[in-house]
Amino acid sequence: GAIEGPVEKGPQVFEIDMLRCIFCGYCEEVCPEQAIFMSEEYEMCGASREEMVFHKEKLYAMGERFGRDGRVETAVKKYDRLVAEAADQGLDLTK
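Computed from a prediction, not measured in an experiment: that's the story for all the values here. (Residues numbered from 1 in each chain as written. Predicted model: local features only at pLDDT ≥ 70, side-chain atom pairs only at ≥ 80, totals over all residues. Heavy atoms only, no water.)

Novice: Could you give me a rundown of unusual backbone geometry, with the residues and numbers involved?
Specialist: With a phi angle near 55°, Phe23 is a residue other than glycine that sits in the positive phi range. With respect to the helices, strands and loops of the structure, Phe23 is situated in the loop between strand E1 (15-17) and helix H1 (26-30). (Helix = DSSP H or I, 4+ residues; strand = E, 2+ residues; numbered from the N terminus.)

Novice: Tell me about the environment of Glu57, and name the residues and values.
Specialist: Here Glu57 is to be found in helix H2 (residues 56-66). The class of Glu57 is exposed, set by a relative accessible area of 58%. Glu57 sits 43 residues away from Phe14 along the chain, and the two C-alpha atoms are 9.4 Å apart. (Buried < 20%, exposed > 50% of the residue type's maximum accessible area, 1.4 Å probe, protein only.)

Novice: Kindly report on the pattern of salt bridges, identifying the contributing residues and their values.
Specialist: For the structure shown, the criterion picks out two salt bridges. A salt bridge links Lys56 to Asp80; its shortest N-O distance comes to 2.9 Å. Placement of the pair is Lys56 in helix H2 and Asp80 in helix H3 (residues 71-88), with a sequence separation of 24 residues. On the accessibility criterion, Asp80 (34% relative accessible area) is partly exposed. Residues Arg81 and Glu85 are paired through a salt bridge, measuring 3.1 Å at the closest nitrogen-oxygen approach. Here Arg81 pairs with Glu85, and both are found in helix H3, just four residues apart, close to one helical turn. (Salt bridge = Lys/Arg side-chain N within 4 Å of Asp/Glu carboxyl O.)

Geometry only, nothing functional implied.
Put into structure tokens, the structure is as follows:
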């Protein structure tokens, strides 16, 4: 189930290096918000290594395109809200 309450610690930078991904699905299994999911999109290409590193913004856009029932958007907004609330209290969850 989903984790309720404040986030203890969050990633400073969230990215997935698709050159290292073996499509095993472990990240999908452990994501507490069900924001990471396997899609039917398996054909990916890039002109450089940098293009194959998917940052939060690119993953969010892919979630909107291939997502299921808005789970990605809900999880991202919840995370951003919790980070902002912690920052208001003088806490930095990104370290």
